[in-house]
Structures are given as C-alpha cells and as structure tokens.
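The residues making up each chain are set out below.
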Amino acid sequence: MKPIVEIKNLHNRFGRHVVHDGLDFAVYPGEIVGLVGGTGAGKTVLLKSIIGLHRPKSGTVTINGKNIMRMNKAQVLATQRLWGVLFQNGALFSSLNVRDNVAMPIKEFIAVNEEQAQELAEMKIELVGLPPEARDKLPSELSGGMVRRAALARALALDPKILFLDEPTSGLDPISASMFDDLIRKMAKNLGLTVMIITHDLDTLFSTCDRIAVMVDKKIKTGTLKEHLKDKHPWIHDYFHGPRARAVLAAKNVH
Amino acid sequence: MMIYGLVLMNDKFIKISKSKEGSEITLYLLGKWLLEDVAEIERTLKNLDILANTKIIIDGKNLEEIDTSGAWLLIKFFRALLQQKINLKRTDFQAPHAKILEIIEHIEHPDSIQIKGFGAISNYFRNVGAATSSFIKEFYILVAFFGQICTTFATSVIHPSRFRLRSIVYHVNEIGIKAVPIVSLMAFLISIVTGYQGAHQLQKFNANIFTIDLIAISVLREMGILITAIIVAGRSGSAFAAQIGVMKVNEEVDAMRTIGLDPFEMLVLPRLLAILIALPALALIADIVGLLGGLFVSSNMLDLSPLQYIERLKEAVTVTTLWVGLVKAPVFAVLIGMVGCSHGLQVRGSAEQVGEHTTASVVQSIFLVLMADAIFSVIFTIMGI
C-alpha cells in the first residue's frame, strides 16, 4: 500500500537548535497513527511542516503522491482540501458562533447557497455529537469538550481524507476525553479517514491508535505498541514502562 | 421529471430503470456524491417526481464515492420518500459507503431554535431602553469604583508602606516621560494652527497683535490640557484597560486575590497615582511648548521680535490663566485612570472582550473629559475668571 503522507529526510532547525535531523515518516491510508515525544521534541513543528504552515530547511513532504514543497499557492490550496486540522484548544474563531465557524470553509470553497451551507454545517455539528443548542453559541460559551467537538466539526467541514489532531484530549476530564476518543475512532472507521494524533494521553494512544510514532533523537521510530514495549532505547523504554503507562496497560489487560 | 412518464432519467448521479410491470423502480446511484457537487445533486433529487405507493429500489453498486455531505442528501431523500409512504429498499451498497450512510442516518437535524424577534418599532424602544440602562449601569460602576479607590487610598495613607512606589515610578515613566515628545509636538502644532487661523482673521481688523492673546489664552486655558488629556487617554487609558483586561483573562487577578493581594492596591492605585502625577506635568509641558509655538508664529508671520512677543504675553495673560488650565489636569487624570482601570477589571472570559473594553475605555474617557471641561467652563464663567 502506498503511504498517503510520506516524509523523507526532513531537516528542521531554529538557529542552532536542531529539531529534526533526517527524519523519515509515513502514514498509510485508513490508519490512526499516534505521535508522541518529549515536550519540545518538535511534534508540532512536524505537523506544521506537513500542513504547510512551516517550510522545512530540507527534505520532502509528499501528500497523496504529490510533493507539497514543489507546489505553487493554488496547488497548495487544492491539496489543503485533503486534510482537516484540529488545533490545540480548538482555535475556533471567537467572534463567530459554532454554526458559522463550521459553515465558513463550506461557504468559502463550495458553490452552495447560504441555506445549504448552514444545513451542511448543522449536519456536521450533529455528526460530532453536539446538541442543537450549541449551534448558536459562541466558543467562549462552550465547555472544553464541546469546543473540541466543534473544532472537529470544522475540521470535517470539507470532508477531508486526512485528519490531523494536535493534543485533542489535553485538558479534558477523563469522561469527555474517552468520549472524544470514541468519537474519533467512530469517525475514522465510518468515514474511512486517515488520522494522525499528537498526544500525551496514554489512554488515547493505547486505545485508539493502530501504530505509534515516537519522536526520539530528532528522528521518528514507528511501530505497534508491542514493538515499542520491546524497544531498548532509554526514552522509549521509560515512556512505555513508566508508572502511568503501566497503569493504563494493566487496566487494558484486566478488561 | 415524471418517472411514470415515458422519459427515463439519465443523469450524472442517478440512472432510473423501470421493471416490466412498472410497479418497481430502480434508482442506480452513479459517480461521485461529494461535497463540491451538493448543489447539483440536490437539484437532481428535487427533480425526481415519484408517485406514492411505488416500490423503489436504491442500488448503490455503481456508486464510486460518497462523503458525509452526499450521504446527508441521500438520507434526506430517503426520509422524504418514507414520508410519502413509498416503499424503499436499498441494495448492493459497498461496505465503506454503507458505513458512511449508517453514521449519517443517526442525524436527526431538528430545526434551529428560533429566537422570537421583535417588531421594528418595539425593537427600537428595546434598544433605547438597553442603551439607557447600560449607560446608568456604567455610571453606577464608575461611582462604585471611585468609592473603592477612595477606601483603598485611605488604608494606604494609614499604612504608607502599602503604596507601591516602584510600580508608581514605572507608570510615571510610561504615562508621562515617554509621552513628552508626542505631547510637545501636538501642542506646538495646535498653537501654530490657532496662530495662523487667528492672524488671518484678525488682519482684516488690523488687529494682528491680538493673535498673541488668542494663542496664549486658548493654549493655556483649553488647548494644552485638552490635547494632553486626549493623548493620555488614547495612549495610557487604553493601555490600562488592555493590561488589566489581559490579566483578568489569564486569571492573574484571581490569583492575586487568593495570595491575599488586593488588585486595587496592586494594579489600580499605582496607575491612578502615576497618572495624577504625570498628566499635570505633561499639561505644563504642553503649555510651555504651546507658547513657544506662539513665538514661532509671531516671529514668522507677524514680524514681531521675541521681546515684543513676551511683552505682549505679559499683558495678555496672568498666572491665573495658567492655573485655570492646570487645575483641570488632576480631574481629567482621575477620570481617564478610573475609566481605563474599571474597563480592564470588567473584562470577563474571552480575549475578544479585551479589545471591546479597550475601545470603550478610550471613547468613554474622552467623552467624560470633554464633559468635565464644559462643566469647568460654566463654573469659571460664574466665578468670573
């Protein structure tokens, strides 16, 4: 199977601080990949390099077989339709209500009238499990879990093939977090999405992700949970054998 | 399009075929049912005219691709058919398509909650009422705020160690010293403008010399202090609102309270005392630079020597003229400082409110400054100054 996102020999550095040093990474269609790494290891920089918000020093980023670094503006715009991004803390437009937040990309890119755009937006809002009352609310009036759901609805507005999630469950209570995990799984399975999740939430990682990419030594090691558990690299070992990881794994084995 | 008619539809998205007896119709879905074509697909579906009591089979095996938007149109179509009591059967959908349909099928999409509107006239009265009540509320907030400042000030006077000297000095620098160039420039320009306009008019009466009176009196009594107050309101009053507002959004103000620090003592009082020191000083500077501007005008336009200018100045103004202007400075300072700080503390929740309150603080403080100036004018006239 050909990868839908492929990164080869990526180099990134800020001043003297090297973030990525010859990083290779691939995501295959239909899978859910979790990306973990220490704070400041360059996970968000990697995400920004993929979605074109940051231009890497060198290397290639290929999406759906096309090198996005060789594209002009119009081509990048067309490729952007392929993915939806859920930013940390939602990044909803604070002056627009939830419906307008979701309808905005539809109105911008699709030839539909106002009514149809609103209707599609409302459908997306219901799809992510938000109650009808939430449509007319401003982001500041929503709870943390609802903000993430609304942001997911906006990320899904243009029916993307790939979904990038940057710490989707951070700061949520365990109930909302696991409900959000379920939602992501359900969306990915039913809509056939490819999902890349940056997360620190071990529950998300172990319950939702098919494969786990670990960012160590400015590169990425990808594998299943089982493979990572056997890995001798000190950081990976500590990550997957730390007390928190053990607790989550133990809980999974009990059930 | 009538399905029962002779014409059978053959479209990009749907192909229709009829069984021999004519009681069973099969709709073959074709092509890509994707978001970019929703408008066209919806039109196609609307044009289908299906009679009741027919049996319809929806065949999905030729469907190439469908996304949630296309699936939503299809599900809506199904529901409309069911409502007309049309017998519906789905066959041969590919597994990924069936999954998308399954997830969309759960969406009920109840209509938006309609907020009951008001008529145009009652809406007008409603707006007037809301504006009035918010105006009264703002006034009430300012009075309460002033009271709180006074009590905080009183406690600080009893315990002088509570005055945050370092903070006051910092704000005097920010409000006062850093504003000296802009205030001087504005005062200079204003007195040149007044001078040129005045000289032009007074020339007609051969009363050129009175241009100096015009400049000196208007700058000392009104222009110097007003220009200063407006600049300080725009520069520092807005900064107060923004700084304190951001601290509110970040919950820094709440954190302060839990440590046992009074935000009034920490944030409001130093700023207020600093503006009380800085604004009169700036006004004095504006007066001096304004008179220098007068000198510039008189030597360039009226051909008077500096000595003659000073001579005329002595006759035109007294120390009272200066005081009449400067006495307003502390009042304006308190108004600007209070409005800025109170708007900062009124910020609740989002960052957007910081912007709103910053704007409101500038508008409100300039309005209050001009209103106070008008009151001063009336009082001075009654007093005969």
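Rules of the game
Residues numbered from 1 in each chain as written. Chains lettered and ligands numbered in written order. Predicted model: local features only at pLDDT ≥ 70, side-chain atom pairs only at ≥ 80, totals over all residues. Heavy atoms only, no water. Helix = DSSP H or I, 4+ residues; strand = E, 2+ residues; numbered from the N terminus. Pairing = 2+ DSSP bridges. Axes fitted to C-alpha atoms, helices over the stretch in contact; angles between N-to-C directions. Contact = heavy atoms within 4.5 Å. Phe/Tyr/Trp six-rings, centres within 6.5 Å; stacked < 30°, edge-to-face > 60°. Buried < 20%, exposed > 50% of the residue type's maximum accessible area, 1.4 Å probe, protein only. Lys NZ or Arg CZ within 6 Å of the ring centre and 35° of its normal. pLDDT = per-residue confidence, 0-100.

1. Here we look at unusual backbone geometry
With a phi angle near 50 degrees, Asp159(A) is a residue other than glycine that sits in the positive phi range. Residue position: Asp159(A) is located in the loop between helix H5 (144-155) and strand E7 (162-166). The backbone of Asp92(B) shows a phi angle near 60 degrees, a positive value even though the residue is not glycine. Within the fold, Asp92(B) resides in the loop between strand E6 (87-91) and helix H3 (95-105).

2. A word on the sheet that holds strand E4 (residues 55-59) of chain B
Residue and element names in this part refer to chain B. The strand order E1-E2-E4-E6 describes an open sheet built from four strands, whose pairing is mixed. If you trace the sheet from one side to the other, it starts and ends with strand E1 (14-18) and E6, each paired once. The sheet shows a mean angle of 20 degrees between the axes of neighbouring strands, direction not considered. The strands touched by helix H2 (residues 68-83) are strand E2 (24-29), E4 and E6; relative to E6, the strand with the most contacts, the crossing angle is about 150 degrees.

3. A word on the packing of aromatic side chains
One pass over the full model with this rule turns up 11 aromatic pairs over all chains. With 6.3 Å between their ring centres and 70 degrees between their planes, Trp83(A) and Phe164(A) make a pair best called edge-to-face. Here Phe164(A) lies in strand E7 and Trp83(A) lies in strand E6 (residues 83-86), a separation of 81 residues in the sequence. Judged by relative accessible area, Trp83(A) falls into the buried class, the value being 10%. One aromatic cluster is present, formed by Phe206(A), Trp235(A), Tyr239(A) and Phe240(A) through successive ring pairs. The lysine or arginine in question, Arg154(A), covers the ring of Phe93(A), its NZ or CZ lying 4.5 Å from the ring centre. When the ring centre of Tyr28(B) is taken as origin, the NZ or CZ atom of Lys15(B), which lies over that ring, is 5.5 Å away.

4. As for the confidence of the model for chain A
Looking at chain A, pLDDT values average 87 and 99% of them are 70 or higher. Looking at the elements of chain A, mean pLDDT is at its lowest for helix H10 (residues 243-254) of chain A, recorded as 79, and at its highest for strand E8 (residues 194-198) of chain A, recorded as 92.

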